[in-house]
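Spelled out from the first residue to the last, the chains are:
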Amino acid sequence: MPSPFRRFRAARRRPAAETGAAAARVWAELVEELPEEDLGEHPRDALELYRTGSKPHGEEAEYLELVRDAADRIARGR
């Protein structure tokens with residue numbers, strides 16, 4: 001008799017693969033948008049390493065918004 005939980009296990013595997021693909025896509029978009037930045041392994045790394053005031057105010061706000069948005073999208077799996 002098949003296990004009643006079998007379909008749940010299969011359903012859990014799919015989102016992990018999709019999440020990985022989504023994270024890779026978000027990362028690629030961020031790298032394309034910020035080609036000259038050293039972003040580290042993950043957008044959170046870039047946020048941790050960033051020194052406030054190292055860019056002009058407008059650039060800084062845009063940079064931080066892009067990186068935070070990418071980190072949030074990766075966390076949500078989109």
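Calculation rules
- Residues numbered from 1 in each chain as written.
- Predicted model: local features only at pLDDT ≥ 70, side-chain atom pairs only at ≥ 80, totals over all residues.
- Heavy atoms only, no water.
- Helix = DSSP H or I, 4+ residues; strand = E, 2+ residues; numbered from the N terminus.
- Buried < 20%, exposed > 50% of the residue type's maximum accessible area, 1.4 Å probe, protein only.
- Areas by Shrake-Rupley, 256 points an atom, 1.4 Å probe, with all protein chains shown as cover.
- Salt bridge = Lys/Arg side-chain N within 4 Å of Asp/Glu carboxyl O.
- Lys, Arg positive; Asp, Glu negative; His and termini not counted.
- Contact = heavy atoms within 4.5 Å.

Participant: Tell me about the overall build of the protein chain, and please be specific about residues and values.
Facilitator: Helices and strands together make up the secondary structure of the protein chain, namely three helices and zero strands. Written out in order from the N terminus, the α and β elements of the protein chain read α-α-α. The buried share of the protein chain, reckoned over its 78 residues, is 22%. If you sum the accessible surface of the protein chain, you get close to 6,200 Å²; carbon and sulfur atoms cover 51% of it.

Participant: How would you summarise the pattern of salt bridges if you had to cite specific residues and measurements?
Facilitator: Applying the stated criterion across every chain, the model contains three salt bridges. Here E29 makes a salt bridge to R73, at a shortest N to O gap of 3.0 Å. Of the two residues, E29 sits in helix α1 (residues 6-33) while R73 sits in helix α3 (residues 57-76), which places them 44 residues apart along the sequence. A salt bridge links R73 to D69, with the nearest nitrogen and oxygen atoms 4.0 Å apart. Of this pair, R73 and D69 both sit in helix α3, separated by four residues, roughly a single helical turn. Taking relative accessible area as the criterion, R73 reaches 21% and is therefore assigned partly exposed. Each of E29, D69 and R73 takes part in one network of salt bridges that share partners.

Participant: How would you sum up the side chain of E60? Please name residues and give values.
Facilitator: Of note, E60 is situated in helix α3. The side chain of E60 sits in the buried core without any salt bridge; K55 is the nearest counter-charge, 8.2 Å away. Look past the residues within four positions of E60 in its chain and what remains in contact with it is Y50, R51, T52, G53, S54 and K55.

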